[in-house]
Amino acid sequence: FGMIITNTPLSKWESLSSLRLTSKFGEFFIKCSLTLLAIEFSILAEVGLPAIVLAWVGSPLALILGYLASKKLFKMDTDIALLTAVGATWCGASAISATGSVIEASSSDITLSISVVAFFTVIFTFVQPYIALGVGMDEAVAGAWIGASVDQTGNVIASAAIISEYSTEVAGIVKIILNSGLGILCTIIAFWWQTRTSNNNGNGKKFSWLFLWDKFPKFVLGYFFCSGILSLLLSFLRGTAQADALQRAVIDMNKWWFAIGFVGIGVGTNLNDLWNGASTSGVIQGYLVSNLLDIGIGLGLSYALFN
């Protein structure tokens, strides 16, 4: 919607011009939404070890391999290679936005990565479940595979629903576990990025914990704080209508903050620049390699853990 406003005659409408203000605060809105990805801590114990291993072993492995492939094979810049690999192997736009804030990536790189990931996610949302149906894949395996390799929670649910209700349940659990690791991922990236910057700095600047804290994604603290509050409240409200209402309210607020943030990103996006960037940066090739690695590793682990 934001890109439509900016890149069509609608941009001349005075009544819509106020929406451009969101482009200045898009990153703030997205960080707020990331804190609202909060989950109840007890879910980690309930879903079992297979889902945790699939989410927290398979995706990091695909991320590392995808990043290295993008750098070595397609000579991509470090920022865009990392953003693309994170988006393809973790949780799409939210992971890109979170990582972008950690490494201080340019808004153009963030927008380009999000746009490419979002475009191909729509395709894989329908391709993967029909492959699973075509080969007669077990429902649990198919759900785990989709939850681990399809980006964006909404797309995961829509994709797994094509197979069965049970597949949807398994996919949703795996995706929640994957999302819950975003804060840990950003912390690791912040540490690695600061170490890398110090090593590459020609003036011999040493690693600084103070500098790391300055670059540390503060929304991670908000995420764990919200998760703690949610876990505490649900422990008192469990089994009541208020507990269901509270969880729905958190999810709805997360979606609204994301929507406002992405409108801001879209308003600041020029489609001509976006196309030129996609065709010359290697981001499409990098995404496809990273995503195919994620799909392959996810499929192997799903068969090993859920069959």
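Everything below is about the structure shown above.
Conventions adopted
- Residues numbered from 1 in each chain as written.
- Predicted model: local features only at pLDDT ≥ 70, side-chain atom pairs only at ≥ 80, totals over all residues.
- Heavy atoms only, no water.
- Core = buried A, V, L, I, M, F, W, Y, C linked by side-chain atoms within 4.5 Å.
- Buried < 20%, exposed > 50% of the residue type's maximum accessible area, 1.4 Å probe, protein only.
- Helix = DSSP H or I, 4+ residues; strand = E, 2+ residues; numbered from the N terminus.
- Contact = heavy atoms within 4.5 Å.
- Expected span 1.5 Å × (residues − 1).
- Polar contact = N/O pair within 3.5 Å; in protein donor to acceptor, adjacent residues only side chain to side chain.
- Phe/Tyr/Trp six-rings, centres within 6.5 Å; stacked < 30°, edge-to-face > 60°.
- Axes fitted to C-alpha atoms, helices over the stretch in contact; angles between N-to-C directions.
- Parallel < 35°, antiparallel > 145°, perpendicular 65-115°, else oblique.
- Left-handed = near helix turned anticlockwise from the far one by under 90°.
- Nonpolar A, V, L, I, M, F, W, Y, C, P; charged D, E, K, R; others polar.
- Lys, Arg positive; Asp, Glu negative; His and termini not counted.
- Salt bridge = Lys/Arg side-chain N within 4 Å of Asp/Glu carboxyl O.

A. Representation of the nonpolar core within the structure. One finds Val-86, Trp-90, Ile-103 and Leu-182 to be the most contacted residues of the largest nonpolar core, which totals 52 residues. Sorting elements by how many residues they give to this core places helix H7 (residues 107-134) first, with 8 residues. Those residues within four positions of Trp-90 in sequence are excluded, and the remaining contacts are Ser-59, Pro-60, Ala-95, Asp-151, Lys-175, Leu-178, Gly-181, Leu-182 and Leu-185. Membership of the second largest hydrophobic core comes to 6 residues, among which are Ala-51, Ala-148, Val-170 and Val-174.

B. Fine view of helix H10 (residues 165-180). Taking 1.5 Å per residue, 16 residues should reach 22 Å; H10 reaches 23 Å between its end C-alpha atoms and fits that length. Every buried residue of H10 is listed here: Ser-167, Thr-168, Val-170, Ala-171, Gly-172, Val-174, Lys-175, Ile-177, Leu-178, Asn-179 and Ser-180. Two or three places before Tyr-166, at the opening of H10, Ser-164 has a side-chain oxygen 3.5 Å from that residue's backbone nitrogen.

C. Spotlight on the packing of aromatic side chains. The final tally for this structure, using the stated rule, is 4 aromatic pairs. Centre to centre, the rings of Phe-119 and Phe-120 are 5.1 Å apart; their planes meet at 85 degrees, and the pair counts as edge-to-face. What makes Phe-119 exposed here is its relative accessible area of 53%. When the ring of Trp-192 is compared with that of Trp-193, the centres are 5.7 Å apart and the planes differ by 65 degrees; the resulting orientation is edge-to-face. Note on Trp-192: relative accessible area 33%, which makes it partly exposed. On the basis of relative accessibility, which here comes to 13%, the residue Trp-193 falls in the buried class. Every member of this aromatic cluster is reached through a ring pair, and the members are Tyr-67, Trp-192 and Trp-193.

D. Structural context of the packing of H7 against helix H8 (residues 139-149). Here H7 crosses H8 at 160 degrees, and the two axes come no closer than 10 Å. What the angle tells us is that H7 and H8 run roughly antiparallel. Handedness of the H7/H8 crossing: right-handed. Note on element contacts: H8 touches H7 through Ala-142, Trp-145, Ile-146 and Ser-149, opposite Gln-128, Pro-129, Ile-131 and Ala-132. Classifying every residue of the contact of H7 with H8 by side-chain character gives 6 nonpolar, 2 polar and no charged.

E. Spatial organisation of the side chain of Asp-151. By the secondary structure assignment, Asp-151 is in the loop between H8 and helix H9 (153-161). Among buried Asp, Glu, Lys and Arg side chains, Asp-151 stands out as unpaired, with Lys-175 the closest opposite charge at 4.7 Å. If sequence neighbours within four positions are ignored, Asp-151 has contacts with Gly-87, Ala-88, Thr-89, Trp-90, Gly-92, Val-117, Thr-121, Val-156, Lys-175, Tyr-287 and Asn-291.

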